[in-house]
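Letter by letter, the chains look like this.
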Amino acid sequence: MAKKLHYFNLNALGEPIRYILHYTKQEFEDVRHDFLTWPDPEVKKSLPYGQLPLYVEGRKTLNQSLAIAKYVARDSGLIPADAWQQAILDSTVFNIYDFWKNVIQFVQEKDTAKKAALKKVIEEETVDFFFSRFEKHLAENGGFFIGKVSWVEFVFVGITEATNLFLEIDIGKYPNTKKLVEKITHLPGVKEYIASRGPYKTPQLRK
Ligand SMILES: N[C@@H](CCC(=O)N[C@@H](CS)C(=O)NCC(=O)O)C(=O)O
């Protein structure tokens, strides 16, 4: 069944899905839309909720990045059988997205003064609030969220990298996060994908 992932030509909500697809060796078409010239009215109109990412498998479509990431991670050992571990992962992924909400609020703010104020709060307070907790969680579980790699580590690494497209996080302050980013980005499949993709260019996004 032909698989396609539609997303922007950048990191953020689509990249963990790309990482999982590459790690699990699934063939898919990586359809990229230009973020800087978005919205493309025709494409936007065609999306079920007007937003990306959108995953397509044959005639079926799925939106919502977390639902897609979890779906493409099935049958790969990235989703634990244990219900409690699944619940911990779900909780973690919502914590990660709670952090990301702050970044998005900053990205979408048009007023220069308000944007600068949001940037200051995120860089000086929000990042540390969330990342000190992520660090503790990782430290208590052997560097992962449930003691081994799962679909949520891919989401975490993607969101951490995406945050750095828009803001600066000093990841060196968070050694378990830093190690995890290195681990995930060097996994077979992911490593080759990143090498072929090259770095994302950030200057237009960092304001
Ligand atoms: N809850 C959705 C949010 C999707 C979302 O916010 N997509 C953004 C890009 S990260 C988007 O499509 N923005 C363009 C638009 O809204 O027109 C998900 O997790 O997939």
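Everything numeric in this text was worked out from a predicted model, so none of it was measured. (Residues numbered from 1 in each chain as written. Predicted model: local features only at pLDDT ≥ 70, side-chain atom pairs only at ≥ 80, totals over all residues. Heavy atoms only, no water.)

The ligand sits among Tyr7, Phe8, Leu13, Trp38, Lys44, Gly50, Gln51, Leu52, Pro53, Gln64, Ser65 and Tyr97. Lys44 is positioned with one of its side-chain polar atoms (N or O) 2.7 Å from an oxygen atom of the ligand. Interatomic distance of 2.7 Å between a backbone N/O atom of Leu52 and a nitrogen atom of the ligand. Relative to its unbound accessible surface of 510 Å², the ligand loses 74% to contact with the protein. (Near = heavy atom within 4 Å. Polar contact = N/O pair within 3.5 Å; in protein donor to acceptor, adjacent residues only side chain to side chain. Areas by Shrake-Rupley, 256 points an atom, 1.4 Å probe, with all protein chains shown as cover.)

To continue, consider the side chain of Glu15. Within the element layout of this structure, Glu15 appears in helix α1 (residues 15-23). A polar atom in the side chain of Glu15 sits 2.6 Å from the side chain of Arg197. Setting aside anything within four residues of it in sequence, one finds Glu15 in contact with Leu10, Tyr193, Arg197 and Tyr200. (Helix = DSSP H or I, 4+ residues; strand = E, 2+ residues; numbered from the N terminus. Contact = heavy atoms within 4.5 Å.)

If a residue is not glycine, its phi is most likely negative; likewise, a peptide bond is most likely trans. Geometrically, the link from Trp38 to Pro39 is a cis peptide bond, its omega value of 10° lying close to zero. Within the secondary structure, Pro39 is located in the loop between β2 (29-33) and α2 (41-46). A cis amide bond links Leu52 with the next residue in sequence, Pro53, at an omega value of 10°. Residue placement: Pro53 occurs in the loop between α2 and β3 (54-57). Its identity as a non-glycine residue notwithstanding, Lys25 has a phi of 55°, on the positive side.

Quick look at the UniProt feature "domain: GST N-terminal" (unreviewed entry) in the protein chain now. With numbering aligned to this structure, UniProt lists the feature "domain: GST N-terminal" (unreviewed entry) at residues 1-80. For residues 1-80, the helix share is 29%, the strand share is 24%, and the end-to-end C-alpha distance is 25 Å. (UniProt positions renumbered as here; feature names shortened; annotations may be inferred.)

Under the criterion given, the structure shown has 13 salt bridges. For Arg18, the salt bridge is made with Glu15, and the minimal N-O distance between the two is 2.5 Å. Taken together, the positions of Arg18 and Glu15, both in helix α1 and 3 residues apart, correspond to about one turn of that helix. On the basis of relative accessible area, Arg18 is assigned to the buried category, the value being 0%. The class of Glu15 is buried, set by a relative accessible area of 0%. Put simply, Arg18 and Asp30 hold a salt bridge, and the shortest N to O gap is 2.9 Å. Here Arg18 is found in helix α1, whereas its partner Asp30 is found in strand β2, with 12 residues between them in sequence. In this structure Asp30 comes out as partly exposed when scored by relative accessible area, which is 26%. (Salt bridge = Lys/Arg side-chain N within 4 Å of Asp/Glu carboxyl O. Buried < 20%, exposed > 50% of the residue type's maximum accessible area, 1.4 Å probe, protein only.)

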